[in-house]
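# Summary of the model geometry
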Amino acid sequence: IGKDPMPADVVMVRDEISGSSPVLVRPLNKESIAAYTLVKDIYGQGAFVFKVDAPRNIYRQGVETIQYIFLWFLAVGVIFSIASFLLFEKLVFVRRKEKESEERYRSVVKQAAEGILMVSIDNKRIIEGNKAFYDLIGYTPEEAANMTLYDITPEDRQKVDSEAERILREKREMRLRRKDGSFVEAELSANQISYQD
(Lines give C-alpha, C1' and ligand atoms only; values in the text may rest on other atoms or scores of the structure.)
Protein backbone atom coordinates (compact mmCIF):
# COMPACT_ATOMS: atom_id res chain seq x y z
CA ILE A 1 0.00 0.00 0.00
CA GLY A 2 2.92 2.32 0.48
CA LYS A 3 4.73 1.63 -2.78
CA ASP A 4 4.86 4.14 -5.57
CA PRO A 5 3.80 4.42 -8.30
CA MET A 6 0.28 3.21 -7.53
CA PRO A 7 -2.46 3.32 -10.17
CA ALA A 8 -4.37 6.59 -10.07
CA ASP A 9 -7.74 4.93 -9.37
CA VAL A 10 -6.26 3.03 -6.39
CA VAL A 11 -4.79 6.25 -4.98
CA MET A 12 -8.26 7.90 -5.27
CA VAL A 13 -10.07 5.14 -3.37
CA ARG A 14 -7.33 4.25 -0.84
CA ASP A 15 -8.34 7.00 1.57
CA GLU A 16 -12.09 6.35 1.14
CA ILE A 17 -11.91 2.68 2.14
CA SER A 18 -12.46 2.41 5.87
CA GLY A 19 -13.72 -0.01 8.45
CA SER A 20 -17.32 1.24 8.01
CA SER A 21 -17.32 0.64 4.24
CA PRO A 22 -14.77 -2.08 3.56
CA VAL A 23 -15.69 -2.40 -0.12
CA LEU A 24 -15.94 0.49 -2.59
CA VAL A 25 -17.42 0.07 -6.09
CA ARG A 26 -16.74 2.61 -8.85
CA PRO A 27 -17.27 2.65 -12.62
CA LEU A 28 -13.95 2.88 -14.47
CA ASN A 29 -15.49 3.75 -17.84
CA LYS A 30 -18.51 2.80 -19.98
CA GLU A 31 -17.32 -0.78 -20.40
CA SER A 32 -16.06 -1.82 -16.96
CA ILE A 33 -16.59 -1.41 -13.24
CA ALA A 34 -14.15 -2.00 -10.38
CA ALA A 35 -14.54 -3.06 -6.74
CA TYR A 36 -11.86 -2.15 -4.17
CA THR A 37 -11.22 -3.43 -0.68
CA LEU A 38 -8.42 -2.91 1.78
CA VAL A 39 -6.70 -6.09 2.92
CA LYS A 40 -5.07 -5.77 6.33
CA ASP A 41 -2.04 -7.57 7.68
CA ILE A 42 -1.92 -9.55 10.92
CA TYR A 43 -1.37 -6.33 12.86
CA GLY A 44 -4.57 -4.71 11.51
CA GLN A 45 -2.66 -2.30 9.28
CA GLY A 46 -3.52 -1.81 5.61
CA ALA A 47 -1.30 -4.15 3.59
CA PHE A 48 -2.66 -3.76 0.10
CA VAL A 49 -5.71 -2.71 -1.94
CA PHE A 50 -7.42 -5.56 -3.70
CA LYS A 51 -9.11 -4.55 -6.97
CA VAL A 52 -11.47 -6.61 -9.13
CA ASP A 53 -12.57 -5.44 -12.63
CA ALA A 54 -15.75 -6.66 -14.28
CA PRO A 55 -17.54 -5.73 -17.48
CA ARG A 56 -20.56 -3.46 -17.02
CA ASN A 57 -23.15 -5.88 -18.40
CA ILE A 58 -26.15 -4.19 -16.79
CA TYR A 59 -25.03 -0.78 -18.07
CA ARG A 60 -24.45 -2.21 -21.56
CA GLN A 61 -27.88 -3.89 -21.48
CA GLY A 62 -29.45 -0.64 -20.32
CA VAL A 63 -27.81 1.29 -23.17
CA GLU A 64 -28.93 -1.36 -25.67
CA THR A 65 -32.46 -1.29 -24.26
CA ILE A 66 -32.58 2.49 -24.57
CA GLN A 67 -31.34 2.21 -28.16
CA TYR A 68 -33.98 -0.43 -28.96
CA ILE A 69 -36.69 1.70 -27.35
CA PHE A 70 -35.51 4.72 -29.35
CA LEU A 71 -35.52 2.69 -32.58
CA TRP A 72 -38.95 1.29 -31.71
CA PHE A 73 -40.34 4.78 -31.12
CA LEU A 74 -38.70 5.97 -34.31
CA ALA A 75 -40.25 3.09 -36.28
CA VAL A 76 -43.67 3.69 -34.70
CA GLY A 77 -43.33 7.41 -35.44
CA VAL A 78 -42.46 6.74 -39.09
CA ILE A 79 -45.33 4.24 -39.46
CA PHE A 80 -47.74 6.64 -37.74
CA SER A 81 -46.57 9.51 -39.95
CA ILE A 82 -47.00 7.45 -43.13
CA ALA A 83 -50.42 6.20 -42.01
CA SER A 84 -51.50 9.74 -41.07
CA PHE A 85 -50.28 11.07 -44.41
CA LEU A 86 -52.14 8.34 -46.33
CA LEU A 87 -55.32 8.90 -44.30
CA PHE A 88 -55.03 12.64 -44.82
CA GLU A 89 -54.60 12.14 -48.57
CA LYS A 90 -57.62 9.82 -48.60
CA LEU A 91 -59.72 12.31 -46.63
CA VAL A 92 -58.71 15.13 -48.96
CA PHE A 93 -59.59 12.96 -51.97
CA VAL A 94 -62.96 11.95 -50.49
CA ARG A 95 -63.73 15.54 -49.47
CA ARG A 96 -62.83 16.77 -52.97
CA LYS A 97 -65.14 14.15 -54.52
CA GLU A 98 -67.93 15.08 -52.08
CA LYS A 99 -67.49 18.74 -52.92
CA GLU A 100 -67.58 18.03 -56.66
CA SER A 101 -70.70 15.90 -56.17
CA GLU A 102 -72.32 18.62 -54.06
CA GLU A 103 -71.46 21.26 -56.67
CA ARG A 104 -72.97 19.10 -59.43
CA TYR A 105 -76.09 18.55 -57.32
CA ARG A 106 -76.43 22.28 -56.61
CA SER A 107 -75.92 23.08 -60.28
CA VAL A 108 -78.66 20.62 -61.30
CA VAL A 109 -81.04 21.89 -58.62
CA LYS A 110 -80.42 25.56 -59.38
CA GLN A 111 -80.88 25.13 -63.12
CA ALA A 112 -83.93 22.83 -62.95
CA ALA A 113 -87.06 24.12 -64.69
CA GLU A 114 -89.25 22.78 -61.88
CA GLY A 115 -89.38 24.53 -58.55
CA ILE A 116 -87.45 22.64 -55.89
CA LEU A 117 -87.82 23.43 -52.23
CA MET A 118 -86.25 22.05 -49.05
CA VAL A 119 -88.44 22.30 -45.94
CA SER A 120 -87.84 21.20 -42.36
CA ILE A 121 -90.27 18.41 -41.57
CA ASP A 122 -90.60 19.53 -37.93
CA ASN A 123 -91.61 23.18 -38.23
CA LYS A 124 -92.16 23.46 -42.02
CA ARG A 125 -89.47 26.17 -42.19
CA ILE A 126 -88.17 26.88 -45.70
CA ILE A 127 -84.50 25.90 -45.75
CA GLU A 128 -83.58 26.41 -49.38
CA GLY A 129 -85.08 26.58 -52.84
CA ASN A 130 -84.01 26.96 -56.46
CA LYS A 131 -84.55 29.87 -58.83
CA ALA A 132 -87.64 28.30 -60.41
CA PHE A 133 -89.32 28.06 -57.00
CA TYR A 134 -88.50 31.65 -56.04
CA ASP A 135 -89.74 32.87 -59.45
CA LEU A 136 -92.98 30.91 -58.90
CA ILE A 137 -93.80 32.45 -55.51
CA GLY A 138 -92.21 35.86 -56.16
CA TYR A 139 -90.05 35.97 -53.01
CA THR A 140 -86.28 36.38 -52.88
CA PRO A 141 -84.17 33.66 -51.20
CA GLU A 142 -83.50 36.06 -48.32
CA GLU A 143 -87.21 36.70 -47.77
CA ALA A 144 -88.13 33.03 -48.03
CA ALA A 145 -85.43 32.06 -45.50
CA ASN A 146 -87.60 33.61 -42.75
CA MET A 147 -90.80 31.91 -43.93
CA THR A 148 -92.58 28.57 -43.51
CA LEU A 149 -94.97 26.57 -45.68
CA TYR A 150 -97.79 28.12 -43.64
CA ASP A 151 -96.81 31.55 -45.04
CA ILE A 152 -97.09 30.51 -48.70
CA THR A 153 -100.34 28.54 -48.54
CA PRO A 154 -103.85 29.91 -47.95
CA GLU A 155 -104.81 26.86 -45.86
CA ASP A 156 -104.80 26.64 -42.08
CA ARG A 157 -101.93 24.93 -40.23
CA GLN A 158 -103.75 21.65 -39.63
CA LYS A 159 -104.60 21.24 -43.31
CA VAL A 160 -101.04 22.14 -44.35
CA ASP A 161 -99.68 19.50 -41.95
CA SER A 162 -102.05 16.79 -43.24
CA GLU A 163 -101.37 17.71 -46.88
CA ALA A 164 -97.62 17.61 -46.24
CA GLU A 165 -97.99 14.05 -44.90
CA ARG A 166 -100.06 13.03 -47.94
CA ILE A 167 -97.61 14.62 -50.38
CA LEU A 168 -94.91 12.29 -49.02
CA ARG A 169 -97.01 9.34 -50.28
CA GLU A 170 -98.41 10.69 -53.55
CA LYS A 171 -98.46 13.76 -55.79
CA ARG A 172 -100.97 16.37 -54.70
CA GLU A 173 -102.26 19.63 -56.10
CA MET A 174 -102.07 22.57 -53.76
CA ARG A 175 -102.55 26.30 -53.99
CA LEU A 176 -99.58 28.49 -53.18
CA ARG A 177 -99.82 32.16 -52.24
CA ARG A 178 -97.46 34.42 -54.19
CA LYS A 179 -95.82 37.53 -52.75
CA ASP A 180 -98.30 39.78 -54.60
CA GLY A 181 -101.23 37.94 -52.93
CA SER A 182 -102.32 35.98 -55.99
CA PHE A 183 -102.59 32.19 -55.96
CA VAL A 184 -101.03 29.60 -58.20
CA GLU A 185 -102.01 25.93 -58.49
CA ALA A 186 -98.99 23.65 -58.15
CA GLU A 187 -98.59 19.90 -58.36
CA LEU A 188 -96.34 18.87 -55.47
CA SER A 189 -94.43 15.72 -54.72
CA ALA A 190 -92.03 15.19 -51.85
CA ASN A 191 -89.26 12.95 -50.62
CA GLN A 192 -88.08 12.78 -47.06
CA ILE A 193 -84.32 13.30 -46.78
CA SER A 194 -82.46 12.32 -43.62
CA TYR A 195 -79.83 14.88 -42.68
CA GLN A 196 -78.32 15.10 -39.19
CA ASP A 197 -81.42 13.44 -37.70
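Throughout what follows, the structure given in this document is the object of discussion. (Residues numbered from 1 in each chain as written. Predicted model: local features only at pLDDT ≥ 70, side-chain atom pairs only at ≥ 80, totals over all residues. Heavy atoms only, no water.)

### A few points about the sheet that holds strand β1 (residues 23–27)
Strand order across the open sheet formed by three strands is β1-β2-β3, with antiparallel pairing between neighbours. The open sheet is flanked by β1 and β3 (46–55), the only strands paired with a single partner. With strand direction ignored, the average angle separating the axes of adjacent strands in the sheet is 20°. Across nine bridges, the pairing between strand β2 (residues 32–40) and β3 is antiparallel. Residue pairing across strands places Y36 opposite K51, the latter belonging to β3. (Pairing = 2+ DSSP bridges. Helix = DSSP H or I, 4+ residues; strand = E, 2+ residues; numbered from the N terminus. Axes fitted to C-alpha atoms, helices over the stretch in contact; angles between N-to-C directions.)

### A closer look at the packing of aromatic side chains
Describing an aromatic ring pair means giving the distance of the ring centres and the angle of the ring planes. For the structure shown, the criterion picks out two aromatic pairs. Judged by centre distance (5.1 Å) and plane angle (75°), the rings of W72 and F73 are edge-to-face. Note on accessibility: W72 and F73 belong to one class, exposed. Measuring from ring centre to ring centre gives 5.5 Å for F133 and Y134, while their planes differ by 65°; the resulting arrangement is edge-to-face. On the accessibility criterion, F133 (5% relative accessible area) is buried. Residue classification places Y134 among the buried positions, given a relative accessible area of 11%. Lying across the ring of Y150, R157 places its NZ or CZ 4.1 Å from the centre. In this arrangement the basic side chain of R175 is found over the ring face of F183, its NZ or CZ atom lying 4.7 Å from the centre. (Phe/Tyr/Trp six-rings, centres within 6.5 Å; stacked < 30°, edge-to-face > 60°. Buried < 20%, exposed > 50% of the residue type's maximum accessible area, 1.4 Å probe, protein only. Lys NZ or Arg CZ within 6 Å of the ring centre and 35° of its normal.)

### A short note on the pairing of β2
Sheet analysis places β1 next to β2, joined by five bridges and oriented antiparallel. Among the inter-strand pairings, P27 is bridged to a residue of β2, identified as I33. The turn linking β1 back onto β2 is made up of four residues. Where β2 folds back onto β3 in an antiparallel hairpin, the turn is made up of five residues, including G44, whose phi is positive at roughly 85°.

### Here we look at the nonpolar core
Ranked by size, the top nonpolar core spans 15 residues in total, and within it I137, Y139 and I152 carry the most contacts. Of all elements in the fold, only α3 (131–137), α5 (157–169) and β6 (172–177) reach the threshold of two or more residues within this core. Broken down by element, the residue count for this core peaks at three residues, all from α3. Discounting residues that sit within four places of it in the chain, Y139 has contacts with Y134, A144, M147, I152, R177, R178 and K179. M6, V10, V13 and I17 belong to the second largest nonpolar core, which has eight residues in total. (Core = buried A, V, L, I, M, F, W, Y, C linked by side-chain atoms within 4.5 Å. Contact = heavy atoms within 4.5 Å.)

### Structural notes on the environment of M147
Here M147 shows up in the loop between α4 (141–144) and α5. What makes M147 buried here is its relative accessible area of 9%. In this structure the C-alpha to C-alpha distance between M147 and R125, which are 22 residues apart in sequence, comes to 6.1 Å. M147 has contacts with R125, I126, Y139 and I152, leaving out every residue within four places of it along the chain.

### With respect to the environment of V11
As for its position among the elements, V11 is in helix α1 (residues 8–14). Using a relative accessible area of 34% as the deciding quantity, one classes V11 as partly exposed. Placed 119 residues apart in sequence, V11 and N130 show a C-alpha to C-alpha distance of 97 Å.

On their own, these measurements won't tell you what the molecule is for.
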